[in-house]
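What follows is each chain in one-letter form.
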Amino acid sequence: MSADTLLSPTLTSRSDTSDLCQLQEQFNLPGLHQDGDVIIGGLFEIHMFAFFPEMSFRTKPEQLRCYEFNLDGFKRALTMVFAVQEINRNPNLLPYINLGYQMSDNCMRMDVAIRAATALVSGSEKSFSMRNCTGLPPVLGIVGDPASSHSIAISSVLGLFQVPMVSFFATCSCLSDRRRYPSFFRTIPSDAFQVRAMIQILKHFSWTWVGLIYSDDDYGRHAAKSFHEDVSAFGGCVAFSEVLPKDNDIVEIRKIMQVIQTSTSQVIVVFSTGSYLLPLMDEVVRQNITRQWIASEAWSTASTFLIPRLLPLFRGTLGIAIRRGEIEGLKEFLLSVHPDNNTDSMVTKFWQHMFSCRFEPEEALAMSEGRVCTGDEDLSKADLAYSDVSDLRPSYNVYKAVYALAHSLHNLMSCVPGQGPFKGNSCASLHDMQPWQFLHYLQSVNYTTSFGDHVSFDENGDALAIYDILNWHGMPDGTMKARTVGVVDESQPTGKVLSLDEDRIFWNFQSKKPPRSVCSEPCPPGTRKARRKGLPVCCFDCLPCADGEISNTTDSLECFRCSKEFWSSLQKDQCVPKEVEFLSYEEALGISLTTVSVLGACIAAVVLAIFVYHRHTPVVRANNSELSFLILLSLKLCFLCALLFIGQPRLWTCQLRHAAFGISFVLCVSSILVKTMVVIAVFKSSRPEGKGAVKWFGAPQQRGTVIVLTSLQVAICVIWLSTASPTPHKNTHYQSSKIVFECAVGSVAGFATLLGYIGLLAAISFLLAFLARNLPDNFNEAKFITFSMLIFCAVWIAFVPAYVSSPGKYADAVEIFAILASSFGLLMAIFAPKCYIILLHPERNTKKALMGRASK
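Throughout what follows, the structure given in this document is the object of discussion. (Residues numbered from 1 in each chain as written. Predicted model: local features only at pLDDT ≥ 70, side-chain atom pairs only at ≥ 80, totals over all residues. Heavy atoms only, no water.)

**Thoughts on the overall build of the chain**
Argument step 1. If you tally the helices and strands in the chain, you get 23 helices and 30 strands.
Argument step 2. The C-alpha radius of gyration computed for the chain amounts to 53 Å, which surpasses the reference 29 Å derived for 856 residues by more than 25%, pointing to a less compact arrangement than a globule.
Argument step 3. Dimensions of the chain along its principal axes, counting C-alpha atoms only, are 170 × 65 × 50 Å.
Argument step 4. Within the chain, the proportion of its 856 residues that are buried is 50%.
Argument step 5. By sequence separation, contacts in the chain at least 24 residues apart represent 68% of the contacts at least 6 residues apart.
Argument step 6. In the structure as shown, the chain presents an accessible area of about 40200 Å², 56% of it carried by carbon and sulfur atoms.
Argument step 7. The average position of the 74 basic charges and that of the 77 acidic charges among the side chains of the chain differ by 23 Å. (Helix = DSSP H or I, 4+ residues; strand = E, 2+ residues; numbered from the N terminus. Rg over C-alpha atoms; globule rule 2.2 N^0.38 Å. Buried < 20%, exposed > 50% of the residue type's maximum accessible area, 1.4 Å probe, protein only. Contact = heavy atoms within 4.5 Å. Areas by Shrake-Rupley, 256 points an atom, 1.4 Å probe, with all protein chains shown as cover. Lys, Arg positive; Asp, Glu negative; His and termini not counted. Charge placed at Lys NZ, Arg CZ, Asp CG, Glu CD.)

**Some details on the state of the cysteines**
Argument step 1. On inspection of all chains with the given rule, the structure shows 10 disulfides.
Argument step 2. Across the disulfide from Cys 357 sits Cys 373; the S-S distance is 1.7 Å. The chirality of the disulfide connecting Cys 357 with Cys 373 is right-handed, given an S-S dihedral of about 100°. Of this pair, Cys 357 sits in the loop between helix H10 (346–355) and helix H11 (361–367) while Cys 373 sits in the loop between H11 and helix H12 (384–387), and the two are 16 residues apart along the sequence.
Argument step 3. Between the sulfur of Cys 654 and that of Cys 743 lies a disulfide, 1.9 Å long from S to S. Taking the sign of the S-S torsion, -75° for the link of Cys 654 and Cys 743, the bridge is left-handed. (Disulfide = S-S within 2.5 Å.)

**Considerations on the sheet that holds strand E28 (residues 579–581)**
Argument step 1. If you trace the three strands from one edge of the open sheet to the other, you get E28-E30-E29, paired in mixed fashion. Every other strand in the sheet has two partners, leaving E28 and strand E29 (727–731) as the edge strands with one partner each. When the angles between neighbouring strand axes are averaged without regard to direction, this sheet yields 30°.
Argument step 2. Taken together, the three bridges between E28 and strand E30 (residues 738–744) define a ladder with parallel strand orientation. (Pairing = 2+ DSSP bridges. Axes fitted to C-alpha atoms, helices over the stretch in contact; angles between N-to-C directions.)

**Observations concerning the sheet that holds strand E4 (residues 38–44)**
Argument step 1. Overall, mixed pairing links the six strands, which are arranged E3-E7-E4-E9-E10-E11 in an open sheet. Of all the strands in the sheet, just strand E3 (31–34) and strand E11 (184–186) have a single pairing partner and so form its edges.
Argument step 2. In this structure, E4 lies alongside strand E9 (residues 142–143), joined through two bridges in parallel fashion. Within E9, the residue paired with Gly 42 across the bridge is Val 143.
Argument step 3. Along the sheet, helix H3 (residues 148–158) contacts E4, E9, strand E10 (165–167) and E11; its crossing angle with E10, the most-contacted strand, is approximately 165°.

**What to know about the packing of aromatic side chains**
Argument step 1. Under the counting rule described, the total for this entry stands at 31 aromatic pairs.
Argument step 2. Taking 5.3 Å as the distance between ring centres and 25° as the angle between the ring planes, the aromatic pair formed by Phe 44 and Phe 168 counts as stacked. With Phe 44 in strand E4 and Phe 168 in the loop between E10 and E11, this pair connects stretches of sequence that are 124 residues apart.
Argument step 3. On the accessibility criterion, Phe 44 (1% relative accessible area) is buried.
Argument step 4. For Phe 168, a relative accessible area of 1% corresponds to the buried category.
Argument step 5. Both rings, one in Phe 665 and one in Trp 796, keep their centres 5.8 Å apart while their planes meet at 80°; by these two values the pair is edge-to-face. With Phe 665 in helix H18 (residues 651–685) and Trp 796 in helix H21 (residues 781–805), this pair connects stretches of sequence that are 131 residues apart.
Argument step 6. On the basis of relative accessibility, which here comes to 0%, the residue Phe 665 falls in the buried class.
Argument step 7. Note on Trp 796: relative accessible area 12%, which makes it buried.
Argument step 8. Aromatic ring contacts, followed pair by pair, group Phe 82, Phe 333, Tyr 399, Tyr 403 and Tyr 447 into a single cluster. (Phe/Tyr/Trp six-rings, centres within 6.5 Å; stacked < 30°, edge-to-face > 60°.)

**Structural notes on a nonpolar patch on the surface**
Argument step 1. On the surface, a cluster of nonpolar side chains totalling about 450 Å² of accessible area is made up of Met 48, Phe 49, Phe 51, Tyr 67 and Met 108.
Argument step 2. In terms of residue count, the dominant contributor to the nonpolar patch is strand E5 (residues 47–51) (three residues).
Argument step 3. Inspection of the secondary structure puts Phe 49 in strand E5.
Argument step 4. Residue class for Phe 49 comes out partly exposed when judged on its relative accessible area of 41%. (Patch = residues over 30% accessible without salt bridge, like charges linked within 9 Å, V, L, I, M, F, W, Y side chains within 5 Å. Salt bridge = Lys/Arg side-chain N within 4 Å of Asp/Glu carboxyl O.)

**With respect to the side chain of Ser 747**
Argument step 1. Relative to the helices and strands, Ser 747 resides in the loop between E30 and helix H20 (748–771).
Argument step 2. Overall, the relative accessible area of 19% leaves Ser 747 in the buried class.
Argument step 3. In this view, Ser 747 contacts Trp 720 and Ala 724; residues no more than four positions away in its chain are not counted.

**Section: the pairing of E4**
Argument step 1. Along E4, seven of the seven residues are buried, which leaves the element largely enclosed by surrounding structure.
Argument step 2. On E4, burial covers both faces: Val 38, Ile 40, Gly 42 and Phe 44 on one face and Ile 39, Gly 41 and Leu 43 on the other are all buried.

**Looking at helix H4 (residues 191–204)**
Argument step 1. An ideal rise of 1.5 Å per residue puts 20 Å on 14 residues; H4 measures up with 20 Å between its terminal C-alpha atoms.
Argument step 2. What H4 keeps buried is the set Asp 191, Phe 193, Gln 194, Val 195, Ala 197, Met 198, Ile 199, Ile 201 and Leu 202.
Argument step 3. The residue sitting at the N-terminus of H4 and contributing the capping side-chain oxygen is Ser 190; that oxygen lies 3.0 Å from the backbone nitrogen of Ala 192.
Argument step 4. Once H4 ends, the next one or two residues include Ser 206, with phi positive near 55°. (Expected span 1.5 Å × (residues − 1). Polar contact = N/O pair within 3.5 Å; in protein donor to acceptor, adjacent residues only side chain to side chain.)

**Observations concerning the side chain of Thr 449**
Argument step 1. Looking at the secondary structure, you find Thr 449 in the loop between strand E17 (446–448) and strand E18 (454–456).
Argument step 2. On the accessibility criterion, Thr 449 (9% relative accessible area) is buried.
Argument step 3. A distance of 2.8 Å separates a polar atom in the side chain of Thr 449 from a polar atom in the side chain of Tyr 396.
Argument step 4. Every residue in contact with Thr 449, bar those within four places of it in the chain, is listed here: Tyr 396, Lys 400 and Val 455.

The following block contains the structure:
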């Protein structure tokens, strides 16, 4: 590209007048112009293509030519003309200033746009003196350029000279960088806001798994970058990200279609202009693929897509659109436009385009089938889209941009000397205004349009973020219409940013409801998310919480352990109090043991009653009936003490159960021991050498021995209870899901001493009874004692490992079983034979009968 294509006005200094600069060349740039005290520049897309002659560098190149008239772009340019004329008629805004305009066509090309911008800021004067550099700049500022790529390039240059540029359609978020583009402003929200608006929609419908398609330009790339960042921040994921080919290559388009088909995402977000997107839409129609499309503002209102051919698959599309506005009087102004006598003027080209005619007869014959324009054609009967002002969006932004410049200039001129914002509280002068001074007022401009919209710029030059949400509806004539169904307004408080009327939304699915678009369904309470390896965070498995852990929210990342006395519910979604387990009177085991215990006590009481009733008979009186009564009484206590092991543990039951058990059994076993010793003493007294044995082991000695042996156990219990008393204890170690309510023994040594002492007495009794087992039959009670002690020892030897290995309440059940089994063993082995004689064979309950057995 040659140098003269970069800078339109090239100035040279004449040798004879070094202070005079002269314009070397002036390019013929199509546009609109009106003189005024202050000029506002404008860049618009009035033609869609430009033809550049060959650059041979040998001859002067021809002027560029633009073709393919763009009605929308021209309509926006006329909106600027209308705004300038309206301001000039307004006595309250710039009352002593007449605004003018100089608008140029960028022909949708970067190089043409830069050439036009530099021509605007350099001015059209053919020469000027370097000695006189005061006065107004050629243009106050530039309204435009609509393309982000153009605005990036132009602002990079204008920013060096602090010349303001207010775009009405450039949305690239990169332009918010004040360091790189210090003089750039816009009346359309940045793509960063647009992306956030789309995120609001995705969040509202819980669409976390979305596809992304974008154009390969500054607009698409920066929007895609922002989208990736913001969608991750709210917990969503991009299922796929595809770039539309610049050359509309059908092979690349079909690759994108293959990705869409294989993806499980039902929602696709597209950042692109129409020229890139249309080939993809054609392929979507050809392959008949239904998805929920989310349109960016660049194509959500484009009439190119609202056609019958696309209706079956694209109706229901949701789109972000520039805020709609109303401009009173604009329709009448548009209809009042009329061509002048200059056939090269922009209005003339517009007229020829509208009515498909030519003003020159020769040209009419060649290009418009002979139709010659008369200038009397009626615009109200022409293309209705031209005069339709019901859906003003980019044009409304043009209107706001012109008024922003006008209000800024008005504020500058309203400055009171001595109260100005500049050095020494000075004000700017209209006749010697510097661009940076005007930039100060533009940055702080604040006004309200006649439509009621508030206009101001933030620190980055961005406008307030307000978007309309559109939904494509099918019309009776087969076309589609974009209807407003909601608003995204970031000036609203959190939670009210999105306002959506869901009843007005058309969904292009059989269910007529919003589609589901998630990689994985949300994890319900009671589960946690486990990310699938190699996939985005939205793709996960739901794993149930472990026992004792819960999650009470949807999509919980982890499960939380319940506190010590709580356990997870069956659904694992809440902590519930743990089941408290103890041997209860209400359960089958407790009822059975209670029944057996009471039965044993009753049997012991019955036997005691029998013995008391027959206390004078030889069988009862044999070997000291008092000891028999004592044994029966202690056995009754043994049966009853088992009841202390049943029921909810309390301090007094924990302290009493082992003490009562230990003392009762020692009383019983010590009585049996003394009874055994009596048997042996009686046997020895029957021989000459042992006649004094009974004398030294009479009734007082027997009572004293029992009292002494029992007192030792009482002492053990007192020491144990006073030093490390058993207490109720909630044990959570046996079963995590239950609390085992038990009596902690306090001191293992104390408990072992208690059992050991009982075992010692039982062992001695067993040994003495075993040695006396072969005595004559009339003293054969030693055999029964031997058998009873054998049962007793066997039960308690088996008790130790069973007790240690039994968890919770079953340990108490084992101990009760040992108590009852040993008690029944003693009762049956010692007293059953005597009861048999007393009740069933009273004839044998005589002294003669007993002695007779001995004489045989």
